[in-house]
There are 2 protein chains.
Amino acid sequence: MSVRSAESLPAEEVTAGSGTRRQVLIGPDEGPNFALRRFIMEPGGGMPLHTNQVEHEQYVLRGRATVVIGDETHAVKAGDVVFIPGGTPHSYAAEGEEPFEFLCVVPNQPDRIDLVGC
Amino acid sequence: MSVRSAESLPAEEVTAGSGTRRQVLIGPDEGPNFALRRFIMEPGGGMPLHTNQVEHEQYVLRGRATVVIGDETHAVKAGDVVFIPGGTPHSYAAEGEEPFEFLCVVPNQPDRIDLVGC
């Protein structure tokens with residue numbers, strides 16, 4: 001199906017995070033090169049410092065968060081664009097009263113998540 | 001720079017369309033596999049029926065439009081997800097009173113735009 005509402009798609013808990021759900025909007029079964037996902041982090045939720053093997057290209061849809069990328073800490077808000085190179089440690093902490101929502105595009109390549117310091 | 005505001009980035013007119021601008025949010029110089037762009041179509045603007053060689057993975061940020069994909073016509077609105085396979089004819093017509101804005105991800109591969117019927 002070419003067009004669908006993101007709201008209609010299932011969300012799964014991200015076990016490496018807290019208060020964090022992920023929706024696959026366009027998966028590798030459909031898109032030949034990359035997958036489009038939406039993350040929803042409840043206020044106070046987020047993900048601890050970790051690495052992925054693949055890069056992330058992200059767009060913030062709603063809310064705000066503190067995002068660590070490498071040795072930089074960023075205050076991120078709706079309308080911001082975030083690039084996280086493969087292998088770079090990063091973390092998310094949702095701030096404020098509303099959920100922090102963002103799109104995250106990843107290539108259809110093998111990936112492993114490694115928590116930093118664990 | 002890992003984080004930037006989309007509003008701070010330049011927008012260029014899309015000559016194949018009308019009332020349509022494009023911003024490159026993360027380009028092929030930065031992302032190794034795919035590019036993240038934002039399109040802004042003013043009310044009444046859009047793009048005529050055309051093909052690209054590459055696929056599009058899209059997320060609608062704002063507004064609404066009539067989008068033709070192959071032989072289907074869709075009423076598309078904010079929060080909708082759109083997949084357009086490579087080589088499939090498609091067109092956009094922004095509807096309503098506010099701009100139609102969407103993200104569009106494409107692979108870093110050669111592409112050519114061909115207008116259909118021209």
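Residues numbered from 1 in each chain as written. Chains lettered and ligands numbered in written order. Predicted model: local features only at pLDDT ≥ 70, side-chain atom pairs only at ≥ 80, totals over all residues.

Enquirer: I tried to follow the overall build of chain A on my own but got confused; where do I start?
Expert: Of the regular secondary structure elements, chain A holds 0 helices and 11 strands. Along the first, second and third principal axes, the C-alpha set of chain A runs to 40 × 30 × 25 Å. When each of the 118 residues of chain A is scored for burial, the buried share is 35%. For chain A, restricting intrachain contacts to residue pairs at least 6 apart in sequence, the fraction spanning at least 24 positions comes to 67%. (Helix = DSSP H or I, 4+ residues; strand = E, 2+ residues; numbered from the N terminus. Buried ≥ 20, exposed ≤ 12 C-beta atoms within 10 Å, placed from the backbone. Contact = placed C-beta atoms within 7 Å.)

Enquirer: Explain the interface of chain A and chain B here, please?
Expert: Interface size, as often reported, equals the accessible area lost upon joining of the parts. At the junction of the two partners, chain A supplies 30 residues and chain B supplies 30 residues. Elements supplying a minimum of two residues to the side of chain A that touches chain B: β1 (3-5), β3 (18-26), β4 (34-51), β5 (56-62), β7 (72-77), β8 (80-84) and β10 (100-107) of chain A. In terms of residue count, the dominant contributor to the side of chain A that touches chain B is β8(A) (5 residues). Where β8(A) and strand β1 (residues 3-5) of chain B come together, 3 bridges link them in antiparallel fashion. When the sheet's bridge partners are listed, D80(A) is paired in β1(B) with S5(B). (Pairing = 2+ DSSP bridges.)

Enquirer: How should I be thinking about the relation of the copies chain A and chain B in this particular structure?
Expert: Both copies of the chain are placed relative to one another by a rotation about an axis and a shift along it. Superposing chain A onto chain B takes a rotation of 180° combined with a translation of 0.0 Å along the rotation axis, leaving an RMSD of 0.0 Å. Viewed as a symmetry operation, the transformation between the two copies matches a two-fold axis. Both copies contact each other with a shared surface, as 100% of the interface residues of chain A are interface residues in chain B too. (Least-squares fit on C-alpha atoms with pLDDT ≥ 70 in both.)

Enquirer: What is the right way to look at the pairing of strand β6 (residues 64-69) of chain B in this model?
Expert: A regular strand places its side chains so that they alternate between the two faces of the sheet. Residues and elements named next belong to chain B. Bridge count for β6 against strand β7 (residues 72-77) is 6 bridges, and the pairing is antiparallel. When the bridges of β7 are listed, V68 appears paired with T73. In textbook terms, the turn of a hairpin is the stretch between consecutive antiparallel strands, and for β6 and β7 this stretch comprises 2 residues, one of which, G70, has a positive phi near 60°.

Enquirer: For this particular structure, what's the right way to read the nonpolar core?
Expert: The nonpolar side chains of soluble globular proteins are, as a tendency, buried together. With 52 residues, the main nonpolar core has Y59(A) and Y59(B) as its most contacted residues. Those residues within four positions of Y59(A) in sequence are excluded, and the remaining contacts are V81(A), F102(A), L103(A), L25(B), L36(B) and L103(B). (Core = buried A, V, L, I, M, F, W, Y, C linked by C-beta atoms within 7 Å.)

Enquirer: Which parts of the structure should I look at to understand the environment of E7(A)?
Expert: Within the secondary structure layout, E7(A) lies in the loop between β1 and β2 (12-13). Taking the C-alpha atoms as reference points, E7(A) and Q23(A), separated by 16 residues in sequence, lie 9.2 Å from one another.

Enquirer: Which parts of the structure should I look at to understand the environment of A11(B)?
Expert: Residue and element names in this part refer to chain B. Take A11: it is sitting in the loop between β1 and β2 (12-13). Residues A11 and A94 lie 83 residues apart in sequence; the distance between their C-alpha atoms is 18 Å. Those residues in contact with A11 that lie beyond four places of it in its chain are R21, R22, Q23 and I40.

Enquirer: Would you mind going over the pairing of strand β10 (residues 100-107) of chain B with me for this structure?
Expert: Residues and elements named next belong to chain B. Burial analysis of β10 places 7 of its 8 residues in the buried class, the great majority of the element. Direction of pairing for strand β4 (residues 34-51) relative to β10: antiparallel, over a ladder of 8 bridges. By the bridge assignment, L36 is partnered in β10 with V105. In this structure, strand β5 (residues 56-62) lies alongside β10, joined through 5 bridges in antiparallel fashion. Each bridged residue has a counterpart across the sheet, and for R62 the counterpart in β10 is E101.

Enquirer: What exactly am I supposed to notice about the confidence of the model for chain A here?
Expert: Low pLDDT marks regions whose predicted coordinates should not be analysed in detail. In the predicted model, chain A carries a mean pLDDT of 97, and 98% of its residues have values of at least 70. In the predicted complex, the global pTM is 0.97; the interface-specific ipTM is 0.96. (pLDDT = per-residue confidence, 0-100.)

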